[in-house]
Amino acid sequence: TQLLEQSPQFLSIQEGENLTVYCNSSSVFSSLQWYRQEPGEGPVLLVTVVTGGEVKKLKRLTFQFGDARKDSSLHITAAQPGDTGLYLCAGGGYQKVTFGTGTKLQVIP
Amino acid sequence: SQTIHQWPATLVQPVGSPLSLECTVEGTSNPNLYWYRQAAGRGLQLLFYSVGIGQISSEVPQNLSASRPQDRQFILSSKKLLLSDSGFYLCAWSVGRYYGYTFGSGTRLTVV
């Protein structure tokens, strides 16, 4: 069974601070995705990374896929209250993905 | 454009009653379809997935079943609900492992 552990589990920061969320596994994944979910809604895909060492940037968000394709990180610069939500990583397999344990982020104005 | 519809949004059902949650996708053909359950503020547990009409793969033994009677329709069912079936149920579709999932808006099920 493939497992994805995310850390930290909870994170509460002030607006304007930087933060990094980690997603780790002992398994190799063909791709890795990050989602953000707001209460009462379904997760929304932020990014997919497929190459070991790949780095993608979306405005203030930077995503990195580990060289061995077993881990990933999400870095947010100058966090804003709108970044508040549950962040989920997901490792891609042949027909399905395995979701991480989730990181709940709260950005305080 | 592709859209996914999931209903109802909320549901309160007594223990022992049946369940039927429906999910439909528009704007794509032969998608992979998925049912997930989520505990409060946590990750997603895969319940069932389907790569084609009539093809259902079950990930965990449980009180639930799934069916795919049409290409873009996915149904989650139970004959008799248990208290432990309470949770947030999400339907999703994908066209391949590199493209990510598109999720429905979810159904909050409370079994009382």
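Structure shown above.
Residues numbered from 1 in each chain as written. Chains lettered and ligands numbered in written order. Predicted model: local features only at pLDDT ≥ 70, side-chain atom pairs only at ≥ 80, totals over all residues. Heavy atoms only, no water.

A. Spotlight on the sheet that holds strand S8 (residues 73-78) of chain B. Residue and element names in this part refer to chain B. Pairing is antiparallel across the open sheet formed by four strands, whose spatial order is S1-S3-S8-S7. Of all the strands in the sheet, the pair left with one neighbour each is strand S1 (3-7) and strand S7 (65-70). Across the sheet, the mean angle from the axis of one strand to that of its neighbour is 20°, orientation sign disregarded. Two elements, strand S3 (residues 19-26) and S8, share six bridges in a ladder whose sense is antiparallel. Its bridge partner lying in S8, Leu-21 is registered against Leu-76. (Pairing = 2+ DSSP bridges. Helix = DSSP H or I, 4+ residues; strand = E, 2+ residues; numbered from the N terminus. Axes fitted to C-alpha atoms, helices over the stretch in contact; angles between N-to-C directions.)

B. Highlighting the packing of aromatic side chains. Enumeration over the complete set of coordinates arrives at twelve aromatic pairs over all chains. Measuring from centroid to centroid gives 5.2 Å for Phe-99 of chain A and Tyr-36 of chain B, while their planes differ by 85°, and the two rings are edge-to-face. With Phe-99 of chain A in strand S10 (residues 97-99) and Tyr-36 of chain B in strand S4 (residues 32-38), the pair connects residues from two separate chains. For the pair Phe-99 of chain A and Tyr-36 of chain B, one class covers both residues: buried. In this structure an aromatic cluster arises from ring pairing among Tyr-35 and Phe-99 of chain A together with Tyr-34, Tyr-36, Tyr-49, Tyr-101 and Phe-103 of chain B. (Phe/Tyr/Trp six-rings, centres within 6.5 Å; stacked < 30°, edge-to-face > 60°. Buried < 20%, exposed > 50% of the residue type's maximum accessible area, 1.4 Å probe, protein only.)

C. Looking closely at unusual backbone geometry. Put simply, Ser-7 of chain A and Pro-8 of chain A share a cis peptide bond, and its omega is -10°. With respect to the secondary-structure elements, Pro-8 of chain A resides in the loop between strand S1 (5-7) and strand S2 (10-14). Here Trp-7 of chain B and Pro-8 of chain B are connected by a cis peptide whose omega angle stands at 0°. Along the chain, the position of Pro-8 of chain B falls in the loop between S1 and strand S2 (10-13). Phi is positive for Arg-69 of chain A, which is not a glycine, with a value near 60°. Topologically, Arg-69 of chain A is positioned in the loop between strand S7 (61-65) and strand S8 (71-76). Judged by relative accessible area, Arg-69 of chain A falls into the partly exposed class, the value being 30%. One non-glycine residue, Ala-78 of chain A, adopts positive backbone phi at about 50°. Residue placement: Ala-78 of chain A occurs in the loop between S8 and strand S9 (85-92).

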